[in-house]
Amino acid sequence: MAASSSSKQSSQLLAMLLLISCLVGAATSASTMQCHDEDQAALMAISDAMGNSPYHFASWTPDTFCCDWSDVDCDAATGRVVGLSVSGDGNLTSASIPDAIANLTSLRNLTLRHLPGLTGDIPNSLSRLADLAFLTISYTGVSGPVPSFLSELASLVSLDLSFNSLTGAIPASLADLPSLSTIDLSRNKLDGPIPATLLSKCSGGEVVELYLSKNNFSGGIPAEFSGVNFTRLDLSRNSLTGDALPVLGKGKPLQYLDLSRNDLHFSLTGVELPEEVSFVDLSHNAIRGRVPAQVASLSNLQLFNVSYNRLCGVVPTGGIMARFDAYSYQHNKCLCGTPLPACHRYGLF
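Rules behind the numbers
Chains are numbered independently. Their residues run from 1 in the order of the written sequence. With pLDDT at 70 or above as the cut-off, local features in this predicted model cover only qualifying residues; side-chain atom pairs require 80 or more to be listed or tallied, and sums for whole chains, interfaces and linings still use all residues. In computing side-chain properties, one takes all heavy atoms of the structure into account and sets aside hydrogens as well as water. Criterion used throughout: strands pair if DSSP finds at least two bridges between them. By the criteria applied, helices consist of DSSP H or I runs no shorter than four residues and strands consist of E runs no shorter than two, each listed in order from the N terminus. Contact between two residues is taken to exist if any of their heavy atoms lie within 4.5 Å; hydrogens are not considered. What counts as a disulfide here is a pair of cysteine sulfur atoms lying within 2.5 Å. Burial classes: relative accessible area under 20% of the type maximum marks a residue as buried, over 50% as exposed, and values in between as partly exposed (1.4 Å probe, protein chains only). Every residue is assigned a pLDDT by the predictor, reflecting its confidence on a scale from 0 to 100.

The next point concerns the pairing of strand β19 (residues 310–314). Looking at chain direction, strand β17 (residues 288–289) and β19 are connected through 2 bridges and run parallel. Across the sheet, the residue bridging to R288 is R310, located in β19. Relative to strand β20 (residues 334–336), β19 runs parallel, the two being bridged by 3 bridges. Paired with G313 across the two strands is L335, which belongs to β20.

As structure tokens, this is what we get:
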């Protein structure tokens, strides 16, 4: 009986050892499959071009698999590098965006963020990244134009080139991208008109966001924007003229709207705001008319600012209006009533 028990234990131990051996072998095999030679070579070239910063590239060594490196993501099925994110490195000095990035042919997400030492133009080589869906180059010293080759990236969903030193106009060809639904070009030195059909290919079910604040854009808000279902729209701190009617109106999914610090001229009287909106800043323009009574019924509205305009008449009361103090209405032509001074001073009563 003892011999039988001992034999059984030995068999169980042998089975366990075989299982462990198989698991180790599978893990080793998976690790081997995780990193393609061309991806590893491309990443090493990127490290060299960016100065081998110890902050980011300490784990990038030839004797380890690149899918284990920091800032690198790989596809579990193919083992190809699909994500590269390098950010927050103030030690990087006088480097340009490496052309070697384009050798990561399966890349879907590229983020270069908070790298003040990253300079030069956005290289044309990135046009080879056919699968790229998310491109972020933000808070850098990158300059030059918004490149027209971006319209060749047919898979692009989100484009963030904010907080750089880009100049020139927005390429009209960006409107050709079938999947692009988010654009952030804020805090650059861009100018010219906003392309009329920008983001016009987005269907009604998509979240559509556009951020162009603090540039030098001129002209009007495109009439074609009336057909785009924006959820967030920031065109503040430019030199836009005309009216904002294309992006206003009931039934739109707009939640955030900032058109402040432009030169918009239109009447607010009778304008209806989207029912779900939570943030509206129309301050520092030349808007005339009255504050619509409908504002009082917008239950989601947390910020409403129409200061520094040419509005007149009585501020609506009731509903949510108690949320907004005099700051929301100051420096207008003749707005009056709570929370502003009484209307008799303007002869309105």
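What follows deals with the sheet that holds β17. Strand order in the open sheet formed by 3 strands is β17-β19-β20, and the pairing between neighbours is parallel. In this open sheet, the two strands that pair with only one neighbour each are β17 and β20.

For the rest of this paragraph, the subject is the side chain of S106. Tracing the sequence through the fold places S106 in the loop between β3 (95–96) and β4 (109–120). Non-local contacts of S106, meaning those with residues more than four positions away in its chain, are made with R80, V81, V82 and D131.

Quick look at the state of the cysteines now. All told, the structure shown has 3 disulfides when counted by the stated rule. Each sulfur of the disulfide joining C67 and C74 lies 2.0 Å from the other. Because the sign of the S-S torsion sets the handedness, a value of about -90 degrees for the bond joining C67 and C74 places this disulfide among the left-handed ones. The partly exposed category is assigned to C74, whose relative accessible area is 24%. Across the disulfide from C336 sits C343; the S-S distance is 2.1 Å. Across the S-S bond of C336 and C343 the torsion is about 95 degrees, and the bridge reads as right-handed.

For the rest of this paragraph, the subject is unusual backbone geometry. When glycine is set aside, most residues are seen to have a negative phi, and most peptide bonds are trans. The linkage connecting T338 with the following residue, P339, adopts the cis geometry, with an omega of 5 degrees. Relative to the helices and strands, P339 resides in the segment after β20. Notably, F163 is not glycine yet its phi reads approximately 55 degrees, a positive angle. Its place among the elements puts F163 in the loop between β6 (158–160) and β7 (165–168). Its relative accessible area of 28% is what places F163 among the partly exposed residues.

Within the element layout of this structure, T231 appears in strand β12 (residues 230–234). Non-local contacts of T231, meaning those with residues more than four positions away in its chain, are made with V207, V208, E209, P253, L254, Q255 and Y256.

In the predicted model, the protein chain carries a mean pLDDT of 89, and 87% of its residues have values of at least 70. The low-confidence segment residues 13–33 (pLDDT under 50) makes 4 contacts with residues lying over four places distant or belonging to another chain.

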